[in-house]
Amino acid sequence: MQLTLVRHGEAAPPINGNDTKRPLTARGHAQAEQTADFVAEKIQPDVFVVSPLLRAQETLAYIQKKFTNIPVLICDDIKPDDDAEVAVEWLSKLPYESIVVVCHMNVVAYIEEILTDKHFHPFSLAEARIYEQAVIAEGLSTQQAVFIPNV
């Protein structure tokens, strides 16, 4: 089983304190495009899982362009301050072999921490990390590849 965790690209600051509708910046779009190229070279996803927040949705759109007819699940448990344990539990119930998750710091790094039993390691903007595991569960994932955009 393969799990790919992706942090969204660089986003504009909140407007009037609204964090949900922050779009990607020009740099964020370029980052997302580079990450999509990496993902397309490395994996064949069965499903995309994405946060409901705009910057994650826009990042995923670049990855989606590389693949056709892949279902998208919107997960409300992978926003920046969500509980990673809840997210891991939700992901563990998915009946897919190759899952791509596009979400946010801090939750993405905490998901990794749970799955690998390694210390918290922040993700760069639009960074992708690919893991192998028999099932999605605490301590069972092994990192296989990492990509950080260079824009």
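Note: the structure precedes this text.
Below: a short report on this structure. (Residues numbered from 1 in each chain as written. Predicted model: local features only at pLDDT ≥ 70, side-chain atom pairs only at ≥ 80, totals over all residues. Heavy atoms only, no water.)

What follows concerns the packing of aromatic side chains. With the rule as written, the count across this model stands at three aromatic pairs. A cation sits over an aromatic face here: lysine 65 above tyrosine 62, 4.6 Å from the ring centre. Above the plane of the ring of phenylalanine 123 lies arginine 129, whose end atom (NZ or CZ) is 3.6 Å from the centre. (Phe/Tyr/Trp six-rings, centres within 6.5 Å; stacked < 30°, edge-to-face > 60°. Lys NZ or Arg CZ within 6 Å of the ring centre and 35° of its normal.)

Looking now at the pattern of salt bridges. Evaluated as defined, the whole model comprises nine salt bridges. In this structure, aspartate 76 and lysine 79 form a salt bridge, with 3.3 Å as the shortest nitrogen-oxygen distance. Classification of aspartate 76 as partly exposed rests on a relative accessible area of 48%. Through salt bridges with shared partners, a single network forms among Asp19, Arg22 and Arg55. (Salt bridge = Lys/Arg side-chain N within 4 Å of Asp/Glu carboxyl O. Buried < 20%, exposed > 50% of the residue type's maximum accessible area, 1.4 Å probe, protein only.)

Among the residues making up helix H3 (residues 84-92), those that are buried are Ala84, Ala87, Val88 and Leu91. Projection of H3 onto a plane perpendicular to its axis shows the buried side chains occupying an angular sector of 100°, all on one side. Close packing links the buried residues of H3 with strand E2 (47-50), strand E4 (98-103) and helix H4 (107-116). Its side-chain oxygen 2.8 Å from the backbone nitrogen of glutamate 85, aspartate 83 forms the N-cap of H3. (Helix = DSSP H or I, 4+ residues; strand = E, 2+ residues; numbered from the N terminus. Arc of directions from axis to C-beta. Contact = heavy atoms within 4.5 Å. Polar contact = N/O pair within 3.5 Å; in protein donor to acceptor, adjacent residues only side chain to side chain.)

Let us now look at the side chain of threonine 116. Within the secondary structure layout, threonine 116 lies in helix H4. Residue threonine 116 is classed as buried on the basis of its relative accessible area, which comes to 12%. At a separation of 2.8 Å, a polar atom in the side chain of threonine 116 contacts the main-chain carbonyl oxygen of glutamate 112. Threonine 116 has contacts with Tyr131, Gly139 and Ser141, leaving out every residue within four places of it along the chain.

This part covers the nonpolar core. Membership of the largest hydrophobic core comes to 25 residues, with the highest contact counts inside it found for Leu5, Val49, Ile78, Ile99, Val101, Ile111 and Ile136. When residues of this core are traced back to their parent elements, those giving at least two are strand E1 (2-7), E2, H3, E4 and H4. At six residues, the largest contribution of residues to this core is made by H4. Ignoring anything within four residues of it in the chain, the contact list for leucine 5 reads Val101, Val108, Ile111, Glu112, Phe123, Glu127, Ala128, Arg129 and Tyr131. Core analysis: the next-biggest nonpolar cluster, separate from the first, contains 20 residues, Phe38, Val39, Val100 and Ala128 among them. (Core = buried A, V, L, I, M, F, W, Y, C linked by side-chain atoms within 4.5 Å.)

Quick look at unusual backbone geometry now. The omega angle of the peptide bond from methionine 105 to asparagine 106 is 10°, so this bond is cis rather than trans. Even without being a glycine, asparagine 69 presents a positive backbone phi close to 60°. You can see asparagine 69 is positioned in the loop between helix H2 (54-64) and strand E3 (72-74). With relative accessibility at 78%, the residue asparagine 69 sits in the exposed group. The backbone phi angle of aspartate 117 is positive, close to 60°, even though this residue is not glycine. On the accessibility criterion, aspartate 117 (55% relative accessible area) is exposed.

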